[in-house]
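# Notes for the structure review
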Amino acid sequence: MLALVTGASKGIGRAIALELAKNNFDVAINFNRSEEPAKELCSEIKALGRKAEIFKADVSDYEQVAELFKKIKESFGESVSVLVNNAGVTRDTLLMRMKPEDWQTVINTNLNAAFYCTREAIRDMAKARFGRIINIASVVGLTGNAGQANYAASKAGIIGFTKSVAREYANRGITANAIAPGFIETDMTAVLKPEVKDGILNSIPLGSIGKPEDVAKAAAFFASETSSYITGQVLAVDGGMTMI
Ligand code: NAP
């Protein structure tokens with residue numbers, strides 16, 4: 001069975017791609033700028049005995065997404081059964097300083113891309129009467145966060161989108177669930193100042209920062225047969241930070 005992970009060149013996406021391969025999925029690895037890390041991941045997955053290919057595409061651009069799905073089908077000779085909408089960016093700043101392009105880049109990459117990819121994936125999933133849509137949201141989409149109005153809006157949007165897709169396609173054997181990571185150690189969070197990191201750490205009941213593998217395990221669960229009676233849910237992987 002074939003899984004597509006968007007933004008799989010680094011961080012959480014990379015860990016998800018690897019975990020799915022360990023769970024016997026073949027993997028289409030999407031990247032945008034980081035080709036070398038994507039190639040390395042591809043070799044790692046092939047070494048596990050699974051099929052893997054890399055696909056360059058900016059998923060915030062609908063035409064590139066349509067082309068991406070065409071190329072994946074040609075290359076693997078099958079459609080995507082598990083779609084992980086993971087690609088994401090931040091452009092953090094206070095609202096008064098937030099430029100329209102900071103807003104648009106984040107909404108285009110974190111929310112519109114998930115719509116584009118899901119739209120391209122869903123027809124074949126419906127035909128097959130099987131599909132798994134896994135959207136990477138954020139706890140910030142549940143709680144909001146000062147300095148992240150654009151990011152929180154994109155992640156709250158993806159939660160509403162997930163629930164709508166879950167309702168619309170439940171009768172076709174397709175589940176749609178979201179994962180809301182808390183604070184995970186990746187390039188995205190590496191830029192935060194030490195005092196900000198310490199503040200966040202103090203708000204995590206389990207007392208440690210999450211690893212990409214923590215999120216990957218949750219994604220593998222939603223991709224697996226074990227979760228077939230679960231749809232439209234948001235699973236926080238946050239060390240107990242939110243408990244909503
Ligand atoms: P990361 O290390 O910065 O990785 C981001 C990934 O997204 C990269 O592989 C990047 O690929 C890809 N990407 C960005 N824009 C893209 C585009 N237009 N088209 C295709 N790929 C694109 O970030 P991360 O922490 O792993 O984040 C992954 C997801 O988890 C995001 O949705 C993020 O919002 C979410 N999340 C993260 C945390 C956290 O604490 N880290 C918490 C909550 C939610 P290239 O480098 O190839 O461009």
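Our structure is the block above this text.
This section reports on the structure supplied with the text. (Residues numbered from 1 in each chain as written. Predicted model: local features only at pLDDT ≥ 70, side-chain atom pairs only at ≥ 80, totals over all residues. Heavy atoms only, no water.)

### Quick word on helix H1 (residues 11–22)
Taking 1.5 Å of rise per residue, the 12 residues of H1 would be expected to cover 16 Å, and the 17 Å separating its terminal C-alpha atoms lies within 8% of that figure. H1 sits mainly inside the fold: 9 of its 12 residues count as buried. By the burial criterion, the buried members of H1 are Ile12, Gly13, Ala15, Ile16, Ala17, Leu18, Glu19, Leu20 and Ala21. Just beyond H1, the residue with positive phi is asparagine 24, at close to 75°. (Helix = DSSP H or I, 4+ residues; strand = E, 2+ residues; numbered from the N terminus. Expected span 1.5 Å × (residues − 1). Buried < 20%, exposed > 50% of the residue type's maximum accessible area, 1.4 Å probe, protein only.)

### So, the packing of aromatic side chains
How two aromatic rings sit relative to each other is set out by the distance from centre to centre and by the angle between their planes. Per the counting criterion, the structure on display carries 4 aromatic pairs. Taking 6.2 Å as the distance between ring centres and 40° as the angle between the ring planes, the aromatic pair formed by phenylalanine 55 and phenylalanine 76 counts as tilted. Of this pair, phenylalanine 55 sits in strand S3 (residues 52–56) while phenylalanine 76 sits in helix H3 (residues 62–76); the two residues are 21 residues apart in sequence, bridging distant segments of the chain. On the basis of relative accessible area, phenylalanine 55 is assigned to the buried category, the value being 8%. Consider the rings of phenylalanine 115 and tyrosine 116, whose centres lie 5.8 Å apart with planes at 55°: the pair is tilted. With relative accessibility at 16%, the residue tyrosine 116 sits in the buried group. One aromatic cluster is present, built from ring pairs that chain together Tyr62, Phe115 and Tyr116. (Phe/Tyr/Trp six-rings, centres within 6.5 Å; stacked < 30°, edge-to-face > 60°.)

### Details of the side chain of arginine 132
Position of arginine 132 among the secondary structure elements: in strand S5 (residues 131–136). Buried arginine 132, no salt bridge; nearest opposite-charge side chain is glutamate 225, N-O distance 4.4 Å. At 3.4 Å, the side chain of arginine 132 forms a polar contact with the side chain of threonine 175. Among all residues touching arginine 132, those that are not within four sequence positions of it are Ser81, Val82, Leu83, Met125, Gly173, Thr175, Phe222, Ala223, Ser224, Glu225, Ser227 and Ser228. (Lys, Arg positive; Asp, Glu negative; His and termini not counted. Salt bridge = Lys/Arg side-chain N within 4 Å of Asp/Glu carboxyl O. Polar contact = N/O pair within 3.5 Å; in protein donor to acceptor, adjacent residues only side chain to side chain. Contact = heavy atoms within 4.5 Å.)

### Details of the pairing of S3
The two faces of a sheet get side chains in turn, since along a regular strand they alternate between them. As defined by bridge partners, strand S2 (residues 26–31) adjoins S3 across 5 bridges and the pair is classed as parallel. Pairing of phenylalanine 31 across the sheet is with lysine 56, part of S3. In this fold, S2 hands off to helix H2 (residues 35–47), which returns the chain to S3; that crossover is right-handed. (Pairing = 2+ DSSP bridges. Right-handed = clockwise from strand over helix to strand, strands pointing away.)

### A short note on the site of the ligand
Around the ligand lies a shell of 31 residues, among which Ser9, Ser34, Asn86, Tyr151 and Thr186 are the nearest. Contact between the ligand and isoleucine 12: an oxygen atom at 2.8 Å from a main-chain N or O atom of the residue. In the model, an oxygen atom of the ligand is placed 2.5 Å from a nitrogen or oxygen of the tyrosine 151 side chain. Its free accessible area being 890 Å², the ligand has 96% of it covered by the protein chains. Among the elements that line the shell around the ligand, the one with the most residues is helix H7 (residues 187–190), at 3 residues. Among the residues making up the shell around the ligand, the classes are represented as 13 nonpolar, 13 polar and 5 charged. (Near = heavy atom within 4 Å. Areas by Shrake-Rupley, 256 points an atom, 1.4 Å probe, with all protein chains shown as cover. Nonpolar A, V, L, I, M, F, W, Y, C, P; charged D, E, K, R; others polar.)

### Some points on the sheet that holds S3
Read across the open sheet, the 7 strands follow the order S3-S2-S1-S4-S5-S6-S7; overall the sheet is parallel. Edge positions in the open sheet fall to S3 and strand S7 (234–237), since each of these has one partner strand only. Geometrically, the sheet is characterised by an average inter-axis angle of 20° between neighbouring strands, direction not taken into account. Pairing between strand S4 (residues 82–85) and S5: 4 bridges, direction parallel. Within the sheet, the bridge partner assigned to valine 82 lies in S5 and is arginine 132. Lying over the sheet, H2 contacts S2 and S3, oriented at roughly 165° with respect to S3. (Axes fitted to C-alpha atoms, helices over the stretch in contact; angles between N-to-C directions.)

Functional significance is not addressed by these values, which are geometric in nature.
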